[in-house]
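Listed below, chain by chain, are the residues.
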Amino acid sequence: MNLLIKNGFVYDPINEINGEIMDIAIRNDKIVESVPERTSKIIDASGLTVFPGGVDIHTHIAGGEVNTGRLVRPEDHEKDFVRKTAITRSGVGYSIPSTFTTGYRYSRMGYTTVMNPSMACLEAKHTHEELNDIPMLDKATYPLLGDWWLVLENIAKGDLEACARYVAWMLEITKGYAIKIVNPGGLESWGFGRNVHSIDDQVPNFGITPREIMCGLAKVNKMLNLPHTIHLHTNNLGIPGNYATTLETMKCLESIPSDGKPVVHITHLQFSSFAGEDWGSFRSGAGEIAKYINNHDHVTFDMGQIVFTDTTTMTADGPFEYTLYQLSGHKWVNTDIETETSGGIIPFHYKRKNPVNAIQWSIGLELALMTKNPWKVFMTTDHPNAGPFTAYPKILAWLASKKARMATFKRLHKKAQKKSLLPSIDRELSLYDIAIVTRSGQAKALDLKEKGHLGVGADADVAIFNLNPEEVDIANKYKTFRRAFSNAAYTIKAGKVLVKDGEILQQSDGKTIWLDLQTSKEIEISEEIKRKFREYWTVEYENYPVSDHYIKHSSPLTIKADV
Amino acid sequence: MVQEKLNLILLTGRTIDQGVGKESGKSTKLYFDSTTMCYMDETDMNKLGLRNNDHIMATTEEGSVVLRAIKHPRGAMPGMIYIPYGPWANAICSSKTTSIGMPSFKGTPVEVKPAPNQPVLTLEELLKKEFGR
Amino acid sequence: MSKIDAVTCPVCGCLCDDIELTIADGVVAQVKNGCAMCEAKFFSHNNDHRLKTPLIRKDGKLVPSTYDKAIRKSAEILAKANYPILYGWSSTDCEAQRVGVELAEEVGGVLDNTAVVCHGPSILSVQEVGIPTCTLGQIRHRADLLIYWGCNPWSAHPRHLERYTAFTEGRFKGSEWKSYINKVKAAAGRKKLRSLERIGVLKHKPEQVAPTVSDNKPPAILNKKGRKLIVVDVRKSMTAEMADYFLQVKPGKDYELIQAMRALVRDQELDVEEVAGVPVEYLQQLVDAMISCQFGIIFFGMGLTQSPSKFRNIDVAISLIRDLNMRTKFAIMPMRGHFNVTGANTVFTWQSGYPYAVDFSLGYPRYNPGETTVVDVLLRQESDAGLVIASDPASNFPRKAVEHLVKKPLIVIDPHMNATSLVGDVVLPSEIVGIEKEGTAYRMDHVPLPLKKVVDPPKGLLSDEEILRRILKEVRKIKSKKLEAA
């Protein structure tokens, strides 16, 4: 099948195309140089904006934690239900949509690839089963490795090579894509109800510090030649004054050799950029953080932008969720996973009139706007933690239009208004910048070579928006812009037109992308693990891996490791 | 003095024999034996003049069923009877869900009296009697 | 003769995956590591109670038929129905459950699983107050205080203690096998003494009468280090026999007992002498043991969910755990019964947003336990057809609910003859999941495990998943024809 998208305003930052009117040719599922016009299906994109398909680097859409979130919140679903149609399955929203609905809603916004960032290895099958039931998108998932006993033990022993082989083994058998680290050391401590409070605290029973875990895994990441950096949720997340911890964290990773490439992705940075001593003196630490990131090239981050709504927080950071429970008294879920990690869930309502929430809203935008290089910034809400992903168009409007953000700003708690840096920030992202922070930058950080751009050889994932950049100044007409990005004119994935004018035309399964890591000493390591298995876990070695049975459309990425 | 009947509290639940019986097959003797019995406290059995394996009739608002009385082997449980899950227990269990979906499988008032001359129905007989099939 | 290791047992929520099978002549010949139920299940694939051929009721009798006819008939029943119920699901694999949700959506029915008569109330409580919990390995490695409340793992989850809790060797906590064996020896010794007394060899000493609740003083062991096992129940179960401490609560009084414990955890004084038959002084000692442990856990079962107060019992139990977490680390876990009831809740939730009692009659998932729960639908006599899969409601539902189920056309999918298949209108035999078909199941702590195919199914049998797929296809065919005709 050939498809020709004609005369659109094309934004393709990876190929440095900035709003040029041009054609995009598609043969089957790839972008090609050209296709014969007569035998191709033509999409007339004149007067429309053409982007690569959206890429989300961090969104909790599948797995044990997400599903428990769904389970504990019937009140979240009752207000937002979706009928079955001839083409699509029924489902529910709001903050934690059911699987099919998740796929449809992303697709309607022009997204084609999403990363599920938090997978407990022991429950990896569950994550993959759910990913199979999320249509319309290509997906990958990051296993939680920062508090895994075998990582802690080998780093404590100083045997990084062994650690690297264990990590390679785990990435492969869980069909994962990147090393996810959450509150390193804190989750193991949480096993007995404790936490770590700085990157140099000792982890009980293991003789290791968060600093050592992060540096160790960053080096392992390099030894394995992984496409993405370590994906880090910092210590002390969500605690006033934690921007200092975040600065120290970034500093401790400065010395990791990297050939000028990033070595760490700090996720939902907003939650790690708090200044002040307590909730009363709470203020933004975004200035200091942005300044550091502007002067260093080893860090990328995503925003974790707050939107004012009722949502559901969920993270592997069990102790942090307990703090939220103490603050809110709301229903609290905690799930500790043997040998590996923990997790927690709390429903949360972010309110404009709550000074802390309002300052948090400001922090996210300050970070994104004060970081000069858009390739270091990715737009997320850490769905559903700071708000559901369906709020993305709203956030894009805030980024692209001072008018939009001041309209919200005026309605914030007065204390927050006084503390916010936003009135002094005039920067407004262009459509080109928007393309970077929503797809191209994310694809680049993930080293997904066939995603996030429209060059020849790329996957035929295209989003077309009903927005004429020559006629609409998005900074001024931000509502038009927001509408256009809420319902794509077309979403094309793998060469198939899935969405037209915000309506689903057909349901299509995506691929699951995972790393097929080639290490030299694989066999030896699996004998060692076999011996440890009954001691560490309550399941048998044979039953642990995610077999092919659990991946509907497998798309392995072969990586040659240095160990 | 032997009493004619006792008003007790009905509990239903699991036993290992019932568990093995259900996995072996619902038409096995083990399943039948393990689900047509009824644990009682020794003192209650004495009150009714019952010995192990004597037949009793248990009656609730929902209906009646004939079972075999067995002395509870461990500890005291005066005032309660315990019937393993199964069609016989459910013939008399309260169906009241108190609007949350869950019938009242434990804690229903039950009247127990000796039934020396009445047989324990087989599964087929019970289904025939209850549902006509 | 061949051996298969690391087989997952498809019986209870423990989902032990260390079963070793010996297969001879296509039949399970030996089962190693399993409990009595596990053995019975693995041997059952070859017993006389198997359904071998589809049955359709004609003139009041079930007569043999073919899959094609039985599937066609099932599809007709479902396509015609306005408000069918699709019930069971807990003893089949997630793969079949996924098709089940699609079928329920297609026919606009009420989809419900056995949790409704099991841990449904627990789910309601989790939706009210959340749940601090963990995986079973976490208990093995860390827990030093184990409480089984209203549950009897010795009977319902026979290997729970040995694989996950008291008798396992963890990284930070040791096994209590030895002390258990000593206890058994001591008990055997006492018995011997007693029999010697009876036959007159020893002089009779006045023995304590059967301990009443108030005699049941917390032993000194509650203050010792190492693992402690406590059982709370209305009667002395087999598990209670093994425990370091058995607390007998009056039937239906769990709620007030737990509330009293909450008060004590919060250092409030109680102005009564006893609660639920337990002296406050003993309760205080128990609560102190709970507060001073390093990692405690309460496992609870039907003793809480099925007795009066139902989900309110679980509400307070979870709230007690929330309170205890201010003082130490504590978790709580429901003892899920069927081997894949957790999977049914999980699959239903990811596809529809709700764990059970999902009503698709309006074209979208709706959830209102008490209204959309299958027992209530049956008691209100609203359903006009039923599909029962991998479950036996004719045995497990109260009589009144079964009466209506039987009155309307009833489709039964099951490997075995049981009470429900005896009263069904269309009976479809299926392969036994985890013995004759591979699949996935979720352990009581949400850990997914693969189920293996270890022997071939009887010739010509289809799996639950395949039967459902075919019914779904047939239903769609019938509906599209109707649409064309219109």
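Conventions adopted
- Residues numbered from 1 in each chain as written.
- Chains lettered and ligands numbered in written order.
- Predicted model: local features only at pLDDT ≥ 70, side-chain atom pairs only at ≥ 80, totals over all residues.
- Heavy atoms only, no water.
- Core = buried A, V, L, I, M, F, W, Y, C linked by side-chain atoms within 4.5 Å.
- Buried < 20%, exposed > 50% of the residue type's maximum accessible area, 1.4 Å probe, protein only.
- Helix = DSSP H or I, 4+ residues; strand = E, 2+ residues; numbered from the N terminus.
- Contact = heavy atoms within 4.5 Å.
- Domains from an automatic or database assignment.
- Buried area = accessible area lost by both parts, 1.4 Å probe.
- Salt bridge = Lys/Arg side-chain N within 4 Å of Asp/Glu carboxyl O.
- Patch = residues over 30% accessible without salt bridge, like charges linked within 9 Å, V, L, I, M, F, W, Y side chains within 5 Å.
- Areas by Shrake-Rupley, 256 points an atom, 1.4 Å probe, with all protein chains shown as cover.
- Lys, Arg positive; Asp, Glu negative; His and termini not counted.
- Charge placed at Lys NZ, Arg CZ, Asp CG, Glu CD.
- Nonpolar A, V, L, I, M, F, W, Y, C, P; charged D, E, K, R; others polar.

**Describing the nonpolar core**
And then number 1: Counting 168 residues, the largest nonpolar core has V167, Y177, L217, L253, F481, F485 and W537 of chain A as the members making the most contacts within it.
And then number 2: Per element, the largest residue contribution to this core is 10 residues, and it comes from helix α6 (residues 160-173) of chain A.
And then number 3: Apart from the residues lying within four places of it in its own chain, the contact partners of F485 of chain A are F51, M109, P393, L396, L431, I434, F465 and L467 of chain A.
And then number 4: Core analysis: the next-biggest nonpolar cluster, separate from the first, contains 164 residues, V120 of chain B together with V234, I291 and I471 of chain C among them.

**Digging into the domain arrangement of chain A**
All names here are of chain A.
And then number 1: Domain boundaries assigned for chain A yield domain 1 (2-53 + 453-504), domain 2 (54-446) and domain 3 (512-542 + 549-560).
And then number 2: Here domain 1 and domain 2 have C-alpha centroids that lie 29 Å from each other.
And then number 3: Counting the surface lost from both domain 1 and domain 2, the interface buries some 2700 Å², and carbon and sulfur atoms represent 70% of this.
And then number 4: Area buried by domain 1 at its contact with domain 2 is led by P13, Y478 and I504, which between them contribute 23% of it.
And then number 5: On inspection of domain 1 and its partner domain 2, the count reaches 1 salt bridge.

**Digging into a positive patch on the surface**
Residues and elements named next belong to chain A.
And then number 1: On the surface, K403, K477, K479 and R483 cluster together into a patch of positive charge.
And then number 2: Relative to the elements of secondary structure, K403 occurs in helix α14 (residues 402-409).
And then number 3: Judged by relative accessible area, which is 46%, K403 ranks as partly exposed.

**So, the domain arrangement of chain C**
All names here are of chain C.
And then number 1: The assigned domain composition of chain C is domain 1 (51-118 + 339-485) and domain 2 (129-334).
And then number 2: Computed from C-alpha atoms alone, the centre-to-centre distance between domain 1 and domain 2 is 38 Å.
And then number 3: Counting from both sides, the interface comprises 6 residues of domain 1 and, opposite them, 11 residues of domain 2.
And then number 4: Summed over both partners, the interface of domain 1 with domain 2 buries about 640 Å², with 62% contributed by carbon and sulfur atoms.
And then number 5: A per-residue breakdown of the area domain 1 buries against domain 2 is headed by C118, M444 and D445, which together make up 73% of the total.
And then number 6: The tally of links between domain 1 and domain 2 comes to 0 salt bridges.
And then number 7: Taken together, the residues that form the side of domain 1 that touches domain 2 break down as 4 nonpolar, no polar and 2 charged.

**Quick word on the pattern of salt bridges**
Residues and elements named next belong to chain C.
And then number 1: Using the criterion set out here, one finds 72 salt bridges over all chains in the structure.
And then number 2: For K32, the salt bridge identified is with E20, shortest N-O distance 3.6 Å. With a gap of 12 residues between them, K32 in strand β3 (residues 27-32) and E20 in strand β2 (residues 19-24) connect regions that are remote in the sequence.
And then number 3: Overall, the relative accessible area of 44% leaves K32 in the partly exposed class.
And then number 4: Of the residues examined, E20 reaches a relative accessible area of 21% and is grouped as partly exposed.

**With respect to the environment of I24 of chain A**
Residues and elements named next belong to chain A.
And then number 1: When you line up the elements, I24 lands in strand β2 (residues 17-27).
And then number 2: A C-alpha to C-alpha distance of 20 Å links I24 and A484, two positions 460 residues apart in sequence.
And then number 3: Filtering out sequence-adjacent residues up to four positions away, I24 remains in contact with L3, L4, I5, V10, I31, V50 and L454.

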